[in-house]
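Spelled out from the first residue to the last, the chains are:
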Amino acid sequence: MAEVRTEPVVVVGLGRFGTALAMELVRRGTEVLGVDNRPKIVQALVGQLPHVVTADSTDVEALRQLGVAEFHRAVVAIGTDIQASILTTSLLSEMGIPDIWAKAIDAQHGKILARVGAHHVVAPEHDMGERIAHLLSGRILDYVEVDADFAVIKTKPPRDVVGMPLRESKLRSTWGVTVVAVKPEAGIGGRRPGFTHATPETVLGYGDLILVVGPVDNVERFAATE
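Below is a summary of the structure that appears in this document. If you're wondering where the values come from, they're calculated on a predicted model, not measured in any experiment.

Residue position: Leu141 is located in the loop between α6 (124–136) and β7 (142–147). Residue class for Leu141 comes out partly exposed when judged on its relative accessible area of 43%. Placed 78 residues apart in sequence, Leu141 and Leu63 show a C-alpha to C-alpha distance of 43 Å. Those residues within four positions of Leu141 in sequence are excluded, and the remaining contacts are Leu135, Lys154, Thr155 and Leu209.

So this is what it looks like as structure tokens:
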């Protein structure tokens, strides 16, 4: 099997988010250059990240000397220094880096980052808070929002759809959702099989786990049904 290779990534800002991201990328085999303006932070990561340097990311010459312009992917993970976050993103955009991800601390910050050149804006704290709110509010066991108003959830099926083929359950007309995968309840040996694709002939059991996709309001309403 051919080795899967990914483009190297420069991660600017090595706080908790940036460090966790950089280390996970390295674990997955991606070459990472970590950059931070705090010598103590950089020193603490020597030996954990293969390439980590102290530099001022708001200084275009410092970025050029590090060869940042040669990267195709960059992450601006700077936390509370909004000015540095915006300026760094703008400089990376001016360098022509084609894939820039930037961390925002609020919606206004995110809009500015997009205007100055970020191709993807993420808000880790907001996204995690929203996800946990969904998990705490009902029978949703996992929740991933894949667009502004579209989500995938893991839940258990309501009684109304148990014991019949999915083609007879009228999921789309009743709830406006689709079951895409099912993980059957544990069998005699106590071991639960893995997820498999759902088909029109799939019959759900009440203890099954299912993956459901659809508009956010619809999946929440479906998951709230006993």
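There is a patch of like negative charges on the surface, built from Asp127, Glu145, Asp147, Asp149 and Asp217. Examined against the element boundaries, Asp147 turns out to sit in strand β7.

Looking now at the sheet that holds strand β11 (residues 209–215). The strand order across the open sheet built from five strands is β7-β8-β11-β9-β10, with neighbouring strands paired in antiparallel fashion. The open sheet has two free edges, formed respectively by β7 and β10 (196–197), since each of these has just one partner strand. Here strand β8 (residues 150–155) runs beside β11; their pairing, made up of six bridges, is antiparallel. What sits directly across from Lys154, in β11, is Leu211. Taken strand by strand, helix α8 (residues 216–223) contacts β7, β8 and β11, and its axis lies near 145 degrees from that of β11.

Looking now at the sheet that holds strand β5 (residues 99–103). Remark on secondary structure: sheet strands pair via backbone hydrogen bonds, oriented parallel or antiparallel. One open sheet holds the six strands; their spatial order is β3-β2-β1-β4-β5-β6, and the pairing between them is parallel. Only two strands of the sheet have a single partner each, and these edge strands are β3 (51–54) and β6 (120–122). Between one strand and the next, the sheet's axes are offset by a mean angle of 15 degrees, whatever the strand orientation. Judged from the four bridges that link them, strand β1 (residues 9–12) and strand β2 (residues 32–36) form a sheet pairing that is parallel. Each residue of the ladder has a partner; that of Val11, found in β2, is Gly34. Strands in contact with helix α1 (residues 16–27) are β1, β2, β4 (73–76), β5 and β6; relative to β1, the strand with the most contacts, it is inclined by about 160 degrees.

Conventions used here
- Residues numbered from 1 in each chain as written.
- Predicted model: local features only at pLDDT ≥ 70, side-chain atom pairs only at ≥ 80, totals over all residues.
- Heavy atoms only, no water.
- Helix = DSSP H or I, 4+ residues; strand = E, 2+ residues; numbered from the N terminus.
- Buried < 20%, exposed > 50% of the residue type's maximum accessible area, 1.4 Å probe, protein only.
- Contact = heavy atoms within 4.5 Å.
- Patch = residues over 30% accessible without salt bridge, like charges linked within 9 Å, V, L, I, M, F, W, Y side chains within 5 Å.
- Areas by Shrake-Rupley, 256 points an atom, 1.4 Å probe, with all protein chains shown as cover.
- Salt bridge = Lys/Arg side-chain N within 4 Å of Asp/Glu carboxyl O.
- Lys, Arg positive; Asp, Glu negative; His and termini not counted.
- Charge placed at Lys NZ, Arg CZ, Asp CG, Glu CD.
- Pairing = 2+ DSSP bridges.
- Axes fitted to C-alpha atoms, helices over the stretch in contact; angles between N-to-C directions.

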